[in-house]
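# Coordinate analysis (summary)
This is what each chain is made of:
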Amino acid sequence: MSNDYYSYGEGIQVGLAYGHMFNKSLGLELGVSHLFGSKQESVYQVNDIGFKYKYTIDVQSKMIIINPSLIYVLSQNKLSPFMKFGISGTVGKITMSSDYGNLQGLNEDEIELSTNLDFGITSAFGASYSLSDNLSILGKVSLISSSISPKKMVYTKSTLDGEDQMQDWTKSQKEIVFADEVEYDDTDVEYMDENQPS
């Protein structure tokens, strides 16, 4: 078994931005975009007590990104290069689906993972080319560096050979809420409420 590395930020990003220049060189931009993440697939070959099977995981993200940035224009010519530096706020959802076959049959699971509002840094470099006094074309390369912290995980599907396995699941089995700290009395055997997320 080997590890696969990928980014939840891969995909198509569509957004709008409003900018204001304080002078010829310095400005501010506020952008809001929606990321349609690429589907990432990992396939593992598992050997379980002599029984070999394939374990497949598909992961896809959908994110809203808020991005205020400082703009610095290097020169004001027909071709005007610029740089941007800023911060990002990211919140969204990650969908994970898996399937594997073992001695019991074909297992298929789907999970939705919602995230907290996480912050990161952004940078970009590009140039605008003036076609007229009111029209320019622009190209840029940008980078967003941000971590993602989970807020809640919900099972939306769990089947064995096509038969639903979630009919008798409690809410604590279907939903998991992530917290920085958890306090409970380990002498109390009833501390877990099955009607609440775990």
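Residues numbered from 1 in each chain as written. Predicted model: local features only at pLDDT ≥ 70, side-chain atom pairs only at ≥ 80, totals over all residues. Heavy atoms only, no water.

## Thoughts on a nonpolar patch on the surface
Rules: Patch members must show over 30% relative accessible area and no salt bridge, and they are joined within 9 Å when carrying like charges or within 5 Å when they are nonpolar side chains of Val, Leu, Ile, Met, Phe, Trp or Tyr. With residues, only the protein chains shown are counted as cover, and all accessible areas are computed by Shrake-Rupley using a 1.4 Å probe. When a carboxyl oxygen of Asp or Glu lies within 4 Å of a side-chain nitrogen of Lys or Arg, that pair is called a salt bridge. The way it works is that DSSP assigns letters per residue, a run of H or I at least four long becomes a helix, a run of E at least two long becomes a strand, and they are numbered from the N terminus.
On the surface, a nonpolar cluster with roughly 660 Å² of combined accessible area is contributed by Phe22, Leu26, Leu28, Leu70, Tyr72, Leu74 and Phe125. Secondary-structure elements contributing two or more residues to the nonpolar patch are β2 (26-37) and β4 (51-73). As for its position among the elements, leucine 74 is in the loop between β4 and β5 (79-102).

## A closer look at unusual backbone geometry
We apply this condition: The cut-offs for exposure are 20% and 50% of the maximum accessible area for each residue type, with area from a 1.4 Å probe on protein chains only; residues under the lower value are buried, those over the upper are exposed, and the others partly exposed.
Although it is not a glycine, aspartate 161 sits at a positive phi angle of roughly 55 degrees. Tracing the backbone shows aspartate 161 in the loop between β9 (150-160) and β10 (163-164). Residue classification places aspartate 161 among the exposed positions, given a relative accessible area of 53%.

## Focus on the pairing of strand β8 (residues 136-146)
As a reminder, the rule being used: Any two strands with at least two DSSP-identified bridges between them are counted as paired.
In this sheet, β8 lies alongside strand β7 (residues 118-130) in antiparallel orientation, the contact comprising 11 bridges. Counterpart to threonine 122 in the pairing with β8 is isoleucine 144. Connecting β7 to the next strand, β8, in antiparallel fashion are five residues.

## Details of the pattern of salt bridges
Applying the stated criterion across every chain, the model contains three salt bridges. We note a salt bridge from lysine 84 to glutamate 29, for which the minimum N-O separation is 2.8 Å. Within this pair, whereas lysine 84 is found in strand β5, its partner glutamate 29 is found in strand β2, the two being separated by 55 residues in sequence. For lysine 84, a relative accessible area of 8% puts it in the buried group. The salt bridge involving lysine 152 is made with glutamate 175; its shortest N-O contact spans 3.2 Å. Of the two residues, lysine 152 sits in strand β9 while glutamate 175 sits in strand β11 (residues 175-177), which places them 23 residues apart along the sequence. Given a relative accessible area of 30%, lysine 152 falls into the partly exposed group. Accessibility expressed as a relative area gives 15% for glutamate 175, which makes it buried.

## Looking at the packing of aromatic side chains
Keep this limit in mind: Side-chain rings of Phe, Tyr and Trp, where Trp is taken by its six-membered ring, are said to pair if the distance between their centres is within 6.5 Å; with planes under 30 degrees apart they count as stacked, over 60 as edge-to-face, and otherwise as tilted.
Here the structure, examined in full by the defined rule, presents two aromatic pairs. With centroids separated by 5.2 Å and ring planes inclined at 50 degrees, the aromatic side chains of tyrosine 55 and tyrosine 100 adopt a geometry described as tilted. Of this pair, tyrosine 55 sits in strand β4 while tyrosine 100 is found in strand β5, placing the two residues 45 residues apart along the sequence. Taking 5.3 Å as the distance between ring centres and 80 degrees as the angle between the ring planes, the aromatic pair formed by tyrosine 155 and tryptophan 169 counts as edge-to-face. One end of the pair, tyrosine 155, is in strand β9; the other, tryptophan 169, is in the loop between β10 and α1 (171-174), with 14 residues separating them in the sequence.

## Examining the environment of isoleucine 137
Heads up, the condition is: Whether two residues are in contact is decided by their heavy atoms, any of which lying within 4.5 Å being enough.
If you trace the backbone, isoleucine 137 turns up in strand β8. Along the chain, isoleucine 137 and alanine 127 lie 10 residues apart, while their C-alpha atoms are 8.5 Å from each other. Isoleucine 137 has contacts with Ala127, Ser128, Tyr129 and Leu131, leaving out every residue within four places of it along the chain.

## Some remarks on the pairing of β2
Burial along β2 is one-sided: Gly27, Glu29, Gly31, Ser33, Leu35 and Gly37 are buried, while Leu26, Leu28, Leu30, Val32, His34 and Phe36, pointing the other way, are not. In this structure, strand β1 (residues 11-21) lies alongside β2, joined through 11 bridges in antiparallel fashion. Counted as the bridge partner of glycine 15 is serine 33 from β2. Hairpin remark: β1 followed by β2, antiparallel, with four residues in the connecting loop.

## Quick notes on the nonpolar core
The nonpolar side chains of soluble globular proteins are, as a tendency, buried together. Rule in force here: Here, nonpolar core means buried Ala, Val, Leu, Ile, Met, Phe, Trp, Tyr and Cys residues that are tied together by side-chain atoms lying within 4.5 Å of each other.
Of all hydrophobic cores here, the largest spans 13 residues; its most connected members are Met63 and Ile94. Contributions of two or more residues to this core are made by β3 (40-48), β4, β5 and β6 (105-115). The residues contacting isoleucine 94, other than those within four sequence positions of it, are Tyr8, Val59, Gln60, Ser61, Met63, Ile111, Glu112, Leu113, Thr115 and Ile148.

All quantities given are derived from atomic positions and should not be read as evidence of function.
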